[in-house]
Amino acid sequence: MSMSPLTAISDGFVVAKRNLIKIKRIPDLIIFTLVQPIMFVLLFAYVFGGAINVPGVNYREYLMAGIFVQTVAFGSGLTAIGLAEDMQKGIIDRFRSLPMSRAAVLLGRTSSDLVNNALVVLVMTLCGLLVGWRIRDGFVEAVAGFALLLFFAYAMSWIAATIGLSVRSVEVAQSAGLIWLFPLTFLSNAFISTDTLPGWLQPIADWNPVSSVILAVRDLFGNAPAGAGRGSGFPAEHPILLAVLWSVAILVIFMPLAVNRYRRAAAR
Amino acid sequence: MTDTIVARGLVKAYGDVRALDGLDLTVPEGTVLGLLGPNGAGKTTTVRILTTLLRPDAGSCTVAGVDVLRDPQRVRQLIGLSGQYAAVDEHLTGFENLEMIGRLYHLGRRRARERARELLERFNLSDAADRPAKTYSGGMRRRLDLAGALVAQPKVLFLDEPTTGLDPRSRLAMWEVITELVREGTTLLLTTQYLEEADQLAHDIVVIDHGRAIAHGTPDELKRQIGGERLELTVGAQEEITTVTAILEAIGTDRPTVDEETLRVTVPVTNGPTALIEAVRKLDGAGIAPTDIGIRRPTLDDVFLQLTGHQAEDHSTAPQREGARA
Ligand SMILES: Nc1ncnc2c1ncn2[C@@H]1O[C@H](COP(=O)(O)OP(=O)(O)OP(=O)(O)O)[C@@H](O)[C@H]1O
Ligand SMILES: [Mg+2]
């Protein structure tokens, strides 16, 4: 029996509210979630800021989009951990015994993690502006840049949700939810320009969805280099299109996959 | 009377372990079925299948006439479940926990809040209503979890070991709540490891082991299955045993059994009180004063031990049943 999408949304809202209450009750949690990105911005700005040279652009400005995208990608780990925790504590069983929408727990979790991510992005933005980062394009482009960043973050949450519901414990979720993000985010244009990579790695890095999102955000913020620093081929020319397509593709694949895992999830 | 819960031939295997191996169950409307069994017998697996959380490999079941496997969402609207481990959100307050459940049952915000307050009142949690559940004691959590199962006033209730981990007083309070629900007409399937509990609460008992029902009946029927009353007598001195054995042999329906070590002599009897009076009179005549004498009725422990070959888990913490000794 399927339920109306409206029920899914209103049930999802109830679940999201519950998750946000937890963030409110444990302020340390949000503080530490925020400390890491702040630390990243400062470390990269002052430690690497002068060490790496990407021609045609101020490296500090170049970095910001990389740190933004990497941070929200790792932020998706929260989704995996949150769901694994709910499963381990039997909360998912409670939800599954209620006549609520089968998608609601996931909609609620990914939505509350999106709020979390938005908060992190806001703090990083302020921090970046303090150390000299500037948005050099128009207001509309900047808003589009943030929207794209959060859309990608939301899509990543659904991959994490699938992982979180597939593992048997919070500990496993902690590592399984994060470990694949290291190659994914470092094998990209986040901190270097891909033309400095060995020849065989370049196309991999260029076609990496993370690279597309980063380059798209750079373009929208007016922080992108020109020429070889953008990488090469189609991804260098159409980053925004690719970033949107990648995010949509992730959602199309992982939303049903995660809901399916949820249906089967057998806690304990 | 219609059957509210019906399960036929339930099978569920985890690898080599057959958690359920062809289990049949029937719970008539308005009655309580106690599902009794040692650790790993398959109690939780049964509850999870009947409450739509788990799909069996084979078999079928209906709850309130609805096919559980074909229409799980409809079943979820009809039942309340309190699982083996209290599933409360510890960061939410008691009130928030219940309100959330009410909203997910689609009661609407106002009704969900009203219902939360009613239940907190009923379960004596009003004072703690606005505290995060992580500050609750084990017993309070358990009560909150049970309250969660009752939010939508379900006609059919599944409670998986509802009193495990409770102190005797909380357990008695829980029994009262359950009895009241049954009086109001709720059909209940209850799993427990406490034989006392099944004896107190259940109309019918199914004993399961290794995923199969190995006995079924009312508590009294089960006790009768392993024999009726016995007269049990302990003497102070070894020399008295021969005389006592002779006296009891004349009273009982079978030969007395003698435990030399504890100086205890036991004999099956047809009518406990009559046999007791007769024994006391004869012993008095023979000048023997026993250190202990009484009628012993088989407890569910005896049933359990005899049927499964092992003791029920940790029943020592259950409140003592009264009236086992005359
Ligand atoms: N998810 C699972 N994976 C593997 N085996 C399982 C799983 N769940 C249950 N089992 C096995 O199935 C059998 C029945 O388990 P179940 O939890 O139903 O027992 P139970 O009667 O509730 O026991 P207890 O009194 O300890 O709660 C056990 O042997 C258990 O190890
Ligand atoms: Mg169990």
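Residues numbered from 1 in each chain as written. Chains lettered and ligands numbered in written order. Predicted model: local features only at pLDDT ≥ 70, side-chain atom pairs only at ≥ 80, totals over all residues. Heavy atoms only, no water.

**Student:** Looking at this structure, how should I read the coordination of the magnesium ion (ligand 2)?
**Tutor:** Ideal values differ by geometry: the angle at a metal is 109.5 degrees with four tetrahedral donors, but 90 or 180 degrees with six octahedral donors. All names here are of chain B. Within the protein, the atoms that donate to the magnesium ion (ligand 2) are T44 (OG1) and Q84 (OE1), at distances of 1.9 to 2.1 Å. You can see T44 sitting in helix α1 (residues 43–50) and its partner Q84 sitting in the loop between β6 (79–82) and α3 (94–104), a full 40 residues away along the chain. On the basis of relative accessible area, T44 is assigned to the partly exposed category, the value being 25%. On the accessibility criterion, Q84 (24% relative accessible area) is partly exposed. (Donors = N, O, S within 2.8 Å, 3.2 Å for Na, K, Ca; no water. Helix = DSSP H or I, 4+ residues; strand = E, 2+ residues; numbered from the N terminus. Buried < 20%, exposed > 50% of the residue type's maximum accessible area, 1.4 Å probe, protein only.)

**Student:** Which parts of the structure should I look at to understand the site of ligand 1?
**Tutor:** In the region of ligand 1, 15 residues are neighbours, and B:G40, B:K43, B:T44, B:T45 and B:Q193 sit closest. Of the chains in the model, those with residues near ligand 1 are chains A and B. B:N39 is positioned such that a nitrogen or oxygen atom in its side chain is 2.8 Å from an oxygen atom of ligand 1. Within the backbone of B:G42, one N or O atom sits 2.9 Å away from an oxygen atom of ligand 1. At the level of elements, β2 (17–28) and α1 of chain B are the ones that each hand at least two residues to the shell around ligand 1. It is α1(B) that contributes the most residues to the shell around ligand 1, 3 residues altogether. Taken together, the residues of the shell around ligand 1 sort by class into 5 nonpolar, 7 polar and 3 charged. (Near = heavy atom within 4 Å. Polar contact = N/O pair within 3.5 Å; in protein donor to acceptor, adjacent residues only side chain to side chain. Nonpolar A, V, L, I, M, F, W, Y, C, P; charged D, E, K, R; others polar.)

**Student:** So what exactly am I meant to see when it comes to the interface of chain A and chain B here?
**Tutor:** Accessible area lost upon the coming together of the parts serves often as the stated size of an interface. Taken together, the contacts link 26 residues of chain A with 29 residues of chain B. Buried surface at the junction of chain A and chain B, both sides included, amounts to about 2700 Å², of which 58% is carbon and sulfur. A per-residue breakdown of the area chain A buries against chain B is headed by A:R25, A:R94 and A:P99, which together make up 25% of the total. Counting the contacts that link chain A with chain B gives 5 salt bridges. For the side of chain A that touches chain B, the secondary structure elements donating two or more residues are α1 (5–25) and α5 (91–96) of chain A. Sort the elements by how many residues they give to the side of chain A that touches chain B and α1(A) lands first, with 8 residues. Among the residues forming the side of chain A that touches chain B, the class breakdown is 12 nonpolar, 3 polar and 11 charged. (Contact = heavy atoms within 4.5 Å. Buried area = accessible area lost by both parts, 1.4 Å probe. Salt bridge = Lys/Arg side-chain N within 4 Å of Asp/Glu carboxyl O.)

**Student:** Where do I start with helix α2 (residues 27–48) of chain A in this structure?
**Tutor:** Since the α-helix packs 3.6 residues into each turn, any two residues three or four apart lie on the same face. All names here are of chain A. With 22 residues, α2 extends 31 Å from end C-alpha to end C-alpha; this agrees with the ideal 32 Å at 1.5 Å per step. Those residues of α2 lying buried are I30, L34, P37, V41, F44 and A45. Down the axis of α2, the buried side of the element spans an arc of 105°, and every buried residue falls inside it. Residues of α2 that are exposed and angled more than 90 degrees away from the buried face: F32, Y46 and V47. Against the buried residues of α2 lie α1, α3 (59–75) and α6 (104–130). (Expected span 1.5 Å × (residues − 1). Arc of directions from axis to C-beta.)

**Student:** Just checking my understanding: could you explain the sheet that holds strand β12 (residues 257–259) of chain B for this structure?
**Tutor:** Backbone-to-backbone hydrogen bonds pair the strands of a sheet. The strands run either parallel or antiparallel. All names here are of chain B. Pairing in this open sheet of 4 strands is antiparallel, and the strands run β12-β13-β11-β14 from one edge to the other. Among the strands making up the open sheet, the edge pair consists of β12 and β14 (292–296). Geometrically, the sheet is characterised by an average inter-axis angle of 15° between neighbouring strands, direction not taken into account. Looking at chain direction, β12 and strand β13 (residues 264–268) are connected through 3 bridges and run antiparallel. Bridged to D259 within β13 is R264. Lying over the sheet, helix α9 (residues 240–251) contacts β11 (230–234), β12 and β13, oriented at roughly 10° with respect to β13. The strands that helix α10 (residues 272–285) touches are β11 and β14; relative to β14, the one it contacts most, it runs at about 160°. (Pairing = 2+ DSSP bridges. Axes fitted to C-alpha atoms, helices over the stretch in contact; angles between N-to-C directions.)

**Student:** Could you clarify how one ought to interpret the packing of helix α4 (residues 77–88) of chain A against helix α8 (residues 170–179) of chain A in this entry?
**Tutor:** Relative orientation and spacing of two packed helices are given, respectively, by the angle between their axes and the distance between those axes. All names here are of chain A. Between α4 and α8, the shortest axis-to-axis distance is 9 Å and the interhelical angle comes to 160°. With respect to their mutual orientation, α4 and α8 come out roughly antiparallel. Where α4 crosses over α8, the handedness of that crossing is right-handed. Contact residues: α4 offers G77, A80, I81, A84, E85 and Q88, while α8 offers V170, E171, A173, Q174, G177 and L178. A breakdown of the residues in the contact of α4 with α8 according to their chemical character gives 6 nonpolar, 4 polar and 2 charged. (Parallel < 35°, antiparallel > 145°, perpendicular 65-115°, else oblique. Left-handed = near helix turned anticlockwise from the far one by under 90°.)

**Student:** Would you mind going over the pairing of strand β3 (residues 32–36) of chain B with me for this structure?
**Tutor:** Side-chain positions along a regular strand alternate between the two faces of the sheet. Residue and element names in this part refer to chain B. Burial runs high along β3: 5 of the 5 residues are buried. Burial of the side chains of β3 extends over both faces: V32, G34 and L36 are buried on one face and L33 and L35 on the other. Of the pairings in the sheet, the one linking β3 to strand β8 (residues 187–192) comprises 5 bridges and is parallel in character. Pairing of L36 across the sheet is with T192, part of β8. In the sheet, β3 pairs with strand β9 (residues 204–209) via 4 bridges, with the strands oriented parallel.

**Student:** Is there a simple way to think about the environment of B:L36 in this case?
**Tutor:** Residue and element names in this part refer to chain B. With respect to the helices, strands and loops of the structure, L36 is situated in strand β3. Considered as a pair, L36 and D145 are 109 residues apart in the sequence and their alpha carbons are 21 Å apart. With residues near it in sequence (within four places) discarded, L36 still touches K43, T192, Y194, L195, A198, I205, V206, V207, I208 and F304.

**Student:** Looking at this structure, how should I read the pairing of strand β1 (residues 3–14) of chain B?
**Tutor:** All names here are of chain B. As defined by bridge partners, β1 adjoins β2 across 9 bridges and the pair is classed as antiparallel. Paired with D3 across the bridge in β2 is P28. Hairpin connection of β1 to β2: 2 residues between the antiparallel strands, including G15 at a positive phi of 60°. Both β1 and strand β4 (residues 58–63) contribute to a ladder of 5 bridges, which runs antiparallel. Looking at the pairing, V6 lines up with T62 of β4.

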